[in-house]
Amino acid sequence: MTRLNTKVSDTISFLTRFGLAVVWIVAGWQKLGKTMAEAQAIQGYEIFTIEWSIFLGRIIGPLELAGGVVLLVGIFLRSAAKISAMVLILFMIGVGQAWVRGLVIDCGCFGDVDLSDGGMDYLYTILRDVGLFLMSLWVMYRPYKRFAIHP
C-alpha cells in the first residue's frame, strides 16, 4: 500500500470510528430520562409487548451511550463495531417491517417525529442506517487504533 493509500485509509478509519462514536453518544444521550417516550416509540413497531417495550425503552439509551463511549475511547474496537453492525441490522429490520406494514411511527432514533405528517421518512432512515452499517463494517476490518485504550 502506498503512503497516499495508507493516509486515505487512516483518514477514513478515523472518521468512521469517531463518527460512529458521536452518532451513538448523541442517540443515547437524547434517550436518557425518556423511558416512556422510548417505550411508546418501540410499541409503535407492534413487535414487542408493553412490558418488553418499557424494558427496552429503559435500557436502549444507556446502551447506545455506552457503545459510543467504547468506540470513542477505543476499547475492543472490532467487537464494538460488530455489535454496532448487528444493532443497525435489527433497526433496519424493525423500520422495514413497519414500512411494509404501513405503520405510521416515530423510529425513536434522534428526537420526536410529527406523526400527523405521516411519520418518519422510512427510506431516509433505512439509507442512513445502511451508511452507519457500512461505517461499522469499516471499523470492524480496519479500526483506527490511534488514541485507543485497548484496540
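The protein goes by Methylamine utilization protein MauE in an unreviewed UniProt entry, where it is assigned to Corynebacterium mustelae. Turning to the protein, the UniProt record has this under Subcellular location (unreviewed entry): "Membrane".

A. Looking closely at the state of the cysteines. What the rule picks out here adds up to one disulfide. Through a disulfide, Cys107 is tied to Cys109; the S-S separation comes to 2.1 Å. Residue classification places Cys107 among the buried residues on the basis of a relative accessible area of 13%. The exposure class assigned to Cys109 is buried, which follows from its relative accessible area of 15%.

B. Region of interest: the UniProt feature "transmembrane region" (unreviewed entry) in the protein. Taking the numbering used here, the UniProt-annotated feature "transmembrane region" (unreviewed entry) corresponds to residues 12–32, 52–76, 83–102 and 122–141. Secondary structure across residues 52–76 comprises 88% helix and 0% strand; the distance between its end C-alpha atoms is 29 Å. Across residues 83–102, helical content stands at 90% and strand content at 0%; the span's end C-alpha atoms are separated by 29 Å.

Here is what the cut-offs are and how they apply
Residues numbered from 1 in each chain as written. Predicted model: local features only at pLDDT ≥ 70, side-chain atom pairs only at ≥ 80, totals over all residues. Heavy atoms only, no water. UniProt positions renumbered as here; feature names shortened; annotations may be inferred. Disulfide = S-S within 2.5 Å. Buried < 20%, exposed > 50% of the residue type's maximum accessible area, 1.4 Å probe, protein only. Helix = DSSP H or I, 4+ residues; strand = E, 2+ residues; numbered from the N terminus.

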